Amino acid sequence: MLWALELLAWNPSLLARVVKVLGKLSTYELEDNWSNKPINSLVDILLMWRPQTAASVEQRCEILEMLCSQNPEIGWKLSIQPFMPGGDFTSGTYRPSWRSDASGAGNTATRGEVRTYALKCLDLVLSWPSHSMKTLKDMVDCLPSMEVKDREKVIDQVKAWVQSSPNDEEVIELREHVRTRTMTTRALRRQKKKNSNHNYVCGKELYDLLEPKDILLKHRWLFAKEWVEYTPEELEVDDFNHDARGKGLARQRGNALNEIFSKYGIQGLMDLIKKSVSNIQIGMYLHNDVLKKDELTEFVLSGLNVDWDNPYEFDNCISGILLQMSEDEREQFITNLIRRLPFEQEKEDIILRMFLSSPFCRSTWNQLGKWSPEVQSEYWKKILPDLRDLSSIDFNFAVDKLLEAERPFTAFNMVHFEFEKIESKCIVRLLKAIACNTSEKDTHYKPSKHHIEQALTTLNKRDDFDRMELTKLEYLYVDILHSHSSYGIPNLAKEVSESPLFFIQLVAYRFERKGSGSDPDEWNIPQDEESKRITATKAYHVLDCLSVIPGTNKNGSIDVRQLREWILQVRKFAKEHGREDNTDRQIGKLLSTSSEGEDGIWPREEIREVFEEIGSSEISTGMEIGFHNSRGAEMRAIDSSRERSKAKKYQEMGNKVMNKNPFVGKMLNNIADMYKKQAEWWDEDRRVNKRLGRW
């Protein structure tokens with residue numbers, strides 16, 4: 001439908017009716033990220049520098065004025081749009097192909113037409129009959145595009161709006177919008193340099209004009225965010241001192257809180273907390289600059305009796321207060337507070353809130369230990385640890401407690417930058433709990449692949465624990481270690497290379513048994529379909545990642561006797577348990593990870609010797625599959641020269657070993673033939689594309 005309306009809009013005689021229809025459709029706001037919307041079609045049709053209609057600029061101005069009178073909300077959007085920051089862009093609208101409605105139109109407008117339309121939009125904006133906070137915000141955003149005389153009209157309109165007694169919340173919101181859009185360094189960078197000083201002066205005048213009489217509203221901006229952005233006035237000073245500015249801001253915040261407390265008392269502080277984000281800082285200033293010790297107790301007791309929509313608002317303020325106290329002062333404060341609680345049944349809840357708001361450190365845990373086991377248990381179930389620098393002993397203690405509370409994700413998030421401080425047995429417990437966790441609800445703490453690898457790498461460098469535990473962990477996490485991993489599965493691969501039984505068990509998990517008989521019970525083959533799927537996937541990833549060839553010594557050489565015995569033993573198990581062909585292919589894939597020998601021929605001499613003795617065609621197939629898969633992604637050349645070069649290379653290798661190792665020579669010839677077929681395919685593909693004119 002939009003395309004049909006856009007098509008009709010090219011005809012000047014139909015433009016007014018199309019704009020009316022699109023204006024009505026635009027009143028229903030679509031909350032999605034599609035650009036094909038009625039309002040966007042309107043903007044494109046009446047675009048100042050590239051109108052998508054054949055109507056004259058005078059006609060477009062009349063139609064815009066009509067839209068503003070009949071549909072003010074949409075008319076305002078179109079009138080203010082040419083001056084909004086960000087620039088106009090368009091991909092055009094649906095253009096008629098067979099009719100002459102768009103002949104000679106829709107490319108660009110002349111400078112005179114652009115100016116005429118812009119002046120009309122500006123006149124409509126500056127003479128708007130009544131303003132809301134939203135329209136005034138839009139005008140503030142457009143100040144950089146206005147002349148000085150036009151900015152003065154904006155100031156007059158803001159004055160008129162203030163005199164109409166708007167809601168205090170709206171005044172504060174508009175005032176903060178003025179400050180961030182005109183009086184910060186970020187706003188200065190957004191504005192044009194030639195107008196930046198005038199913008200700032202205009203913004204400063206608007207900011208002072210919107211200053212509320214209510215002290216609470218006046219000072220709220222100081223606590224709206226933890227960080228108060230620098231103003232251009234501050235940065236214009238040649239010897240600007242950031243530390244001095246921070247101290248000055250702290251004094252300003254302290255004075256503001258004192259002023260609020262002296263006029264409105266504790267209730268004023270509560271109202272400020274409800275509207276602020278930096279409540280921790282409010283608590284810090286209350287402790288240092290505003291309230292005395294007894295007043296702090298009264299303040300907290302009063303806050304605990306308030307019905308908060310979000311209790312964390314006040315708990316964060318308590319955190320700021322407790323953070324400024326020494327250990328003894330904090331313990332005495334909490335004890336005195338609990339003594340003054342009016343209801344006995346609420347004491348444990350208040351105790352818990354106080355400890356949850358206390359610093360996450362050893363002194364808090366020592367104080368916590370004096371209360372009931374129920375309070376201690378709930379603390380570790382609910383605490384959100386901050387990433388402070390704890391000692392190794394404290395980190396390990398906290399991890400143990402969080403694991404007892406079945407919160408391994410939270411524990412891992414707490415220590416993922418401090419693995420060197422965590423004991424090996426503690427990391428092992430933590431990684432096991434994460435892999436098997438099904439109860440923790442804090443899924444936003446779910447560890448990343450990178451940090452799991454870091455934990456395993458840390459363990460791999462140590463020798464103060466049973467290495468079999470690390471092998472088990474690599475198996476648990478093989479789903480994330482098998483692909484593009486810098487760590488891999490070194491211990492698991494080594495264990496498989498030393499245990500034929502382990503290898504055949506992996507094959508049994510991956511492939512169904514052929515023929516009659518059953519697998520040993522100790523292999524723990526899953527019976528239900530979901531467990532079978534999970535186990536088969538893990539076994540597939542392990543077999544795919546194996547790269548340690550059995551019999552490999554520390555110096556990199558391969559013991560032929562050990563390799564032969566390992567393969568023979570694996571094949572014996574495979575025959576007993578109905579998986580001969582699949583096992584041979586997996587053996588071949590493992591052997592394909594071999595490097596070239598000293599004579600430059602792949603695979604190396606030890607592999608060739610054992611391979612020739614066994615002479616299995618399925619092992620040969622597995623080696624060829626493993627070889628093809630190891631190549632990974634490759635950039636294509638325009639011709640088949642690379643394939644022909646590799647075909648020649650492996651053909652020569654096969655010829656060299658054919659007399660001594662005919663079975664290996666045949667496999668190398670198969671690889672060479674594969675490259676030749678690929679070369680022929682690419683040549684044919686190139687000829688076809690060239691004939692069709694694609695290249």
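See the structure printed just above.
Predicted model, so just to flag it, every value in this text is computed and none were measured. (Residues numbered from 1 in each chain as written. Predicted model: local features only at pLDDT ≥ 70, side-chain atom pairs only at ≥ 80, totals over all residues. Heavy atoms only, no water.)

Caption draft 1: Representation of the overall build of the protein chain in the model. When you go through the protein chain residue by residue, the secondary structure sums to 36 helices and zero strands. At 38 Å, the protein chain has a C-alpha radius of gyration far larger than the 26 Å of a compact globule built from 695 residues. Seen along its three principal axes, the alpha-carbon backbone of the protein chain occupies a region of about 100 × 90 × 55 Å. In the protein chain, which comprises 695 residues, the share counted as buried stands at 47%. For the protein chain, the proportion of contacts with a sequence separation of at least 24, taken over those separated by at least 6, is 70%. In the protein chain, which carries 99 positive and 109 negative side-chain charges, the distance between the mean positions of the two groups comes to 5 Å. (Helix = DSSP H or I, 4+ residues; strand = E, 2+ residues; numbered from the N terminus. Rg over C-alpha atoms; globule rule 2.2 N^0.38 Å. Buried < 20%, exposed > 50% of the residue type's maximum accessible area, 1.4 Å probe, protein only. Contact = heavy atoms within 4.5 Å. Lys, Arg positive; Asp, Glu negative; His and termini not counted. Charge placed at Lys NZ, Arg CZ, Asp CG, Glu CD.)

Caption draft 2: Inspection of the packing of aromatic side chains at higher detail. For the structure on display, the rule yields 18 aromatic pairs. Ring centres of Trp380 and Phe397 lie 6.0 Å apart, and the angle between their planes is 75 degrees; this geometry places the pair in the edge-to-face category. Of the two residues, Trp380 sits in helix α21 (residues 373-382) while Phe397 sits in helix α22 (residues 392-404), which places them 17 residues apart along the sequence. For Phe397, a relative accessible area of 27% corresponds to the partly exposed category. An aromatic cluster is defined as three or more aromatic residues linked by ring pairs; in this entry it consists of Phe360, Trp365, Tyr379, Trp380 and Phe397. Between the NZ or CZ atom of Arg175 and the centre of the ring of Tyr207, over which it lies, the distance is 3.7 Å. It is Lys538 that lies over the ring of Tyr475; its NZ or CZ is 5.9 Å from the centre. (Phe/Tyr/Trp six-rings, centres within 6.5 Å; stacked < 30°, edge-to-face > 60°. Lys NZ or Arg CZ within 6 Å of the ring centre and 35° of its normal.)

Caption draft 3: Highlighting the nonpolar core. Core analysis: the largest hydrophobic core is formed by 128 residues, its most contacted members being Leu286, Phe299, Val300, Trp380, Leu431 and Phe503. In terms of residue count, helix α14 (residues 242-274) provides more of this core than any other element does, eight residues in total. Setting aside its immediate chain neighbours within four residues, Val300 contacts Phe314, Ile318, Ile321, Phe333, Leu337 and Met354. Listed in part, the 55 residues of the second largest apolar core include Ala9, Leu42, Leu143 and Val171. (Core = buried A, V, L, I, M, F, W, Y, C linked by side-chain atoms within 4.5 Å.)

Caption draft 4: Geometry of the side chain of Ser79. Position of Ser79 among the secondary structure elements: in helix α5 (residues 72-80). You can call Ser79 buried: its relative accessible area is 0%. Within the local environment of Ser79, its side chain forms a polar contact with the backbone oxygen of Gly75, the two atoms lying 2.8 Å apart. (Polar contact = N/O pair within 3.5 Å; in protein donor to acceptor, adjacent residues only side chain to side chain.)

Caption draft 5: Quick look at empty space enclosed by the protein. In this structure the tally under the stated criterion is one cavity of 30 Å³ or more. Within this model, the largest cavity holds a volume of roughly 60 Å³. Lining the largest cavity we find Leu42, Val43, Leu46, Leu47, Met48, Leu78, Gln81, Pro82, Asp88 and Tyr117. Tallied by class, the residues present in the lining of the largest cavity amount to eight nonpolar, one polar and one charged. (1 Å grid on protein atoms, 1.4 Å probe; cavity = no way out; pocket = protein on both sides within 12 Å on 5 of 7 lines; lining within 4 Å. Points joined across faces, edges and corners; volume = space filled by probe spheres on them. Nonpolar A, V, L, I, M, F, W, Y, C, P; charged D, E, K, R; others polar.)

Caption draft 6: Structural detail: α21. Along α21, the residues classified as buried are Val375, Tyr379 and Trp380. For α21, the angular spread of buried residues about the axis comes to 130 degrees, placing them on one side. Looking at the buried positions of α21, the neighbouring elements they touch are α19 (347-357), α20 (362-368) and α22. (Arc of directions from axis to C-beta.)

Caption draft 7: Fine view of the packing of helix α18 (residues 327-339) against α19. Taken N-terminus to C-terminus, the directions of α18 and α19 make an angle of 155 degrees; their axes are 10 Å apart at the nearest point. Here α19 runs roughly antiparallel to α18, going by the angle between their axes. Handedness of the crossing formed by α18 with α19: right-handed. Taken together, the residues of α19 that come into contact with α18 (itself represented by Phe333, Ile334, Leu337 and Ile338) are Lys347, Ile351, Met354 and Phe355. A class-by-class count of the residues in the contact of α18 with α19 yields seven nonpolar, no polar and one charged. (Axes fitted to C-alpha atoms, helices over the stretch in contact; angles between N-to-C directions. Parallel < 35°, antiparallel > 145°, perpendicular 65-115°, else oblique. Left-handed = near helix turned anticlockwise from the far one by under 90°.)

So far we have only geometry, and geometry alone does not tell us how the molecule works.
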